[in-house]
Structures are given as structure tokens and as C-alpha cells.
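Spelled out from the first residue to the last, the chains are:
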Amino acid sequence: MKKRLTVTINDLKKASYMPYKVITNELIPISDWYRFFQNNLFRSPFQSPDAYTFFSKIDTIETDVHAVINEDGDIKALTLVITQKENGIKGFFSKRGILYGGPLLDDIDAAKELLHYVTNFYRGKVIYLESRNYFNYERFANVYKQLKWEYIPWLNFHLKTDDVKSVHKRMSSGRLRQVKKGIKNGAIWEEPRGKEDVESFYYILKNLYINIIKKPLPDLNFFLKFYNVGLGKYFLIYFEGEVIGGIMCPILDNKSIYEWYICGKDKEYKDQYPSVLATYAAIDYGLRNNISYFDFMGAGPVSDSYGVREFKARFGGDQVEYGRYRIILNHTLFAIGKTGLQLLARLK
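Reading the values: rules and limits
- Numbering of residues starts from 1 in every chain and runs along the sequence as written.
- Side-chain atom pairs in this predicted model are given and counted only at pLDDT of 80 or more, local residue features only at pLDDT of at least 70, and totals for whole chains, interfaces and linings cover all residues.
- For the side-chain quantities, the full set of heavy atoms in the structure was used; hydrogens and water were omitted.
- Elements are defined by DSSP. Helices are runs of H or I of four residues or more, strands are runs of E of two residues or more, and each kind is numbered from the N terminus.
- For the exposure calls, accessible area comes from a 1.4 Å probe over protein chains only, and a residue counts as buried if that area is under 20% of its type's maximum, exposed if over 50%, partly exposed in between.
- Whether two residues are in contact is decided by their heavy atoms: any pair within 4.5 Å suffices.
- Areas reported as accessible are Shrake-Rupley estimates using a 1.4 Å probe. Residue values count occlusion only from the protein chains shown.
- Working definition: rings of Phe, Tyr and Trp (its six-membered ring) pair if their centres are within 6.5 Å, and the pair is stacked with planes under 30 degrees apart, edge-to-face with planes over 60 apart, and tilted otherwise.
- By convention in these notes, a salt bridge is any Lys or Arg side-chain nitrogen within 4 Å of a carboxyl oxygen on Asp or Glu.
- By nonpolar core is meant a set of buried Ala, Val, Leu, Ile, Met, Phe, Trp, Tyr and Cys residues that side-chain atoms within 4.5 Å join together.
- The span expected for a helix works out to 1.5 Å for each residue beyond the first.

On to the overall build of the chain, then. Helix and strand counts for the chain come out as 12 helices and 16 strands. Within the chain, buried positions represent 52% of all 348 residues. Long-range pairs, those at least 24 residues apart, make up 72% of the contacts in the chain with a sequence separation of at least 6. Working note: accessible area of the chain is about 16800 Å², and carbon and sulfur atoms make up 50% of it.

The structure is reproduced here in C-alpha cells:
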């Protein structure tokens with residue numbers, strides 16, 4: 001069984017800004033977590049109890065959740081943090097803590113308590129912490145600044161899934177033409193017909209990451225666990241019975257659907273546009289299931305050119321900049337790791 005990091009309430013009474021306490025992992029009542037989650041403006045599937053269940057099943061990832069409670073035991077701030085690293089020697093220079101979506105915050109003092117605690121909790125355990133924001137955290141900007149978390153401008157797209165006519169009108173004419181042509185030429189999208197189809201999706205994705213993206217990818221087990229846990233759905237593109245692409249989407253009912261991983265055999269099946277149809281399949285699900293918007297989960301840093309940004313932009317979403325917050329906990333290893341990993345990526 002994976003070793004859990006658990007801190008008791010008595011251990012945490014020492015470092016508190018206000019009459020708050022911090023509790024972690026199994027000390028957090030799931031019912032209280034659900035209640036706080038459902039009423040929080042910053043909720044995403046990645047900060048839900050279901051996400052904790054999913055990530056905890058992955059042997060290569062360490063998962064912890066931290067909650068700030070007041071004197072009455074009510075949760076006032078919460079975040080799930082997953083600790084990731086690469087395999088082999090690269091792991092020594094790449095261990096980081098990721099707050100997908102950003103923390104669930106309610107008031108300034110509780111936010112300060114949470115970020116103060118999390119920063120100290122992971123000092124010596126990871127090289128850096130990074131909050132990948134899917135919402136506007138401007139209200140809490142001074143809290144991050146006071147605690148030395150750096151803001152990194154980062155773009156994203158949110159696409160309203162209000163009605164088919166409006167979605168099509170916002171898309172570029174070329175993108176809409178590709179969707180229609182892909183369907184006309186025999187491509188369809190469905191949920192996986194079995195785990196074998198998830199494996200087919202994974203190997204297409206793995207090939208993309210090795211040859212084009214050149215970034216680390218979780219192993220097959222990660223994708224099979226997602227299929228079984230119910231944090232979201234896969235939509236796979238089929239042509240003549242073969243999986244030629246697909247998308248992996250965490251889903252928050254009645255609110256949002258997310259593009260986490262996407263791929264397609266675009267060169268082999270140029271007339272079917274599998275990557276385009278994979279994105280559209282998720283949008284179509286949102287349209288048919290009362291979901292407010294599709295979140296592209298990032299369009300790159302503002303300062304850099306980013307080829308994928310144009311691909312995403314042509315679907316007609318609204319460009320937003322919610323950025324990322326990062327705090328480096330080991331500057332030496334961060335500098336070495338950044339240089340080394342960039343070199344290794346170029347050599348692949």
C-alpha cells in the first residue's frame with residue numbers, strides 16, 4: 001500500500017494566522033469536502049473527492065489533500081496536490097507538486113493559512129509547487145504575492161456549449177468544414193467499446209508525445225484507471241472499426257468539461273480529421289448534457305509562440321488569461337532540472 005502523508009491537528013496548532021487549523025487526507029470528512037466543493041466558485045473535477053480517489057490509485061503519483069477549518073469545523077479552504085516526477089535520474093531534478101485547477105478558496109485569511117501551510121509542508125519534498133489556474137484568482141493575488149508565489153501569465157480558451165447554432169457560428173469556417181467533412185467521410189465518435197480501445201488511444205497518444213510533444217506521459221495504467229474510476233469520459237474517433245484518435249475529458253456535471261489528453265492519426269487519416277473530431281466530440285457532449293463550457297486546459301505562456309494555440313482558437317472559444325502561480329522551493333535543483341530536461345527533450 002502506498003505510504004500516506006498524514007498530519008494531525010495537534011501538530012498543526014503551532015503555525016496559524018487565525019483561529020484556523022489544517023487537516024489532511026483521511027482526517028477530512030468526505031461529506032464536508034463535498035459540501036464545500038459544491039458551493040465553491042473555483043470547483044473543478046481536479047479538486048473533487050473523486051479526483052482524490054483517482055490519483056490515489058496511481059502508484060507513480062503521491063496524492064494529498066489539505067483543508068483549512070475554522071473553530072466550528074467548517075472547511076474554509078482546500079487543495080488537492082499531486083506530486084509528480086519523471087522516471088530514473090530525471091526524477092531527482094523534476095519532482096514537483098501540482099495544484100490542478102487551483103485551490104478551493106473562500107476568504108482571504110483562510111487562503112493565506114492554506115498557502116502558508118502547503119508551502120511549508122512541501123519544502124524539502126518537491127522542487128517547486130505550481131497552481132495551474134482554470135479560474136480568475138485576482139482577488140487572492142496579494143496573498144500569493146505575500147507568500148512569494150510568482151504569477152506566470154498563461155493563456156487558455158473557454159468555449160460556451162450553449163446551443164449548436166451558436167457553437168457553429170463562433171467556429172472558423174475552415175474548422176466547421178473539417179468537422180462536417182470528417183463525419184461525411186465515415187468517422188464517428190463514441191465512448192470506448194472496451195479497455196482495449198483505451199489502450200489503442202494510449203498508444204496513439206504515446207507516439208505523439210515521443211515524436212512531437214517530447215514531454216513525459218503517464219503510463220498506460222493511469223489511463224485505464226481513469227476509464228474505471230468515473231472522473232470523466234473518453235470520446236474515441238473510429239473509422240471502419242479502428243480507433244484513430246480520441247480525447248480524455250474530466251467532467252463536472254452541469255458546469256464544465258475539460259480537454260486533458262487528445263490525439264489523432266491526422267497524417268494517416270487526413271480526410272477524417274481525427275484530432276478535430278475528438279475536440280468536437282467533447283463539445284458535442286457538453287451541448288447535449290447541459291454543461292456550460294468546454295475548457296481547453298491551457299493555450300501556452302503569453303510570452304511564447306505556441307502552435308497548438310491556433311488549433312484551439314479556431315474552435316471559437318473565448319481566450320482567457322488566468323495564469324499560473326509557482327513557488328520554487330529548491331532553486332538549485334530547479335535551475336539544473338530546467339536546463340537538463342530541455343536538453344534531453346531536444347535529443348529525443
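Picking up where we left off.
Considering all chains together, one arrives at 42 aromatic pairs under this definition. Geometrically, the ring pair formed by Tyr144 and Trp149 is edge-to-face, given 5.8 Å between the ring centres and 75 degrees between the ring planes. A residue is classified by how much of its surface remains accessible, and Trp149, at 4% relative accessible area, is buried. Residues Phe223 and Tyr261 carry aromatic rings whose centres are separated by 5.2 Å and whose planes lie at 65 degrees to one another, so their mutual orientation is edge-to-face.

Okay, unusual backbone geometry next. A positive phi is found at Lys214, a non-glycine position, where the angle reads about 55 degrees. With respect to the helices and strands, Lys214 occurs in the loop between helix H8 (195-213) and helix H9 (220-229). Notably, Asn290 is not glycine yet its phi reads approximately 60 degrees, a positive angle. Along the chain, the position of Asn290 falls in the loop between helix H10 (274-288) and strand E14 (293-295).

Applying the stated criterion to the full structure yields 12 salt bridges. Arg326 is paired through a salt bridge with Glu130; the nearest N and O atoms lie 2.6 Å apart. Note that Arg326 is positioned in strand E16 (residues 324-328) and Glu130 in strand E6 (residues 128-133), a separation of 196 residues in sequence. Pair check on accessibility: Arg326 and Glu130 agree, each one buried. Where Asp162 meets Arg170, a salt bridge forms, and the shortest distance between an N and an O atom there is 2.8 Å. With relative accessibility at 42%, the residue Asp162 sits in the partly exposed group. When its relative accessible area of 32% is taken as the criterion, Arg170 is described as partly exposed.

Counting residues in hydrophobic clusters, the biggest one holds 75 residues, and the most contacted among them are Phe55, Phe222, Phe223 and Trp260. Tallying contributions element by element places helix H4 (residues 108-122) first for this core, with 8 residues. With sequence-adjacent residues up to four places away left out, Trp260 is seen in contact with Phe46, Phe54, Phe55, Tyr100, Phe222, Phe226, Met248, Pro250 and Met297. One finds Ile244, Ile257, Ile283 and Ala299 within the second-largest nonpolar core, a separate group that totals 32 residues.

As for its placement among the helices and strands, Ala111 is situated in helix H4. Note: C-alpha distance between Ala111 and Lys76 (35 residues apart in sequence) is 8.0 Å.

With that settled, consider helix H7 (residues 173-184). Compared with an ideal rise of 1.5 Å per residue, which puts 12 residues at 16 Å, H7 spans 16 Å between its outermost C-alpha atoms and is within 8% of the ideal. Looking at the residues trailing H7, positive phi occurs at Gly186, about 100 degrees.

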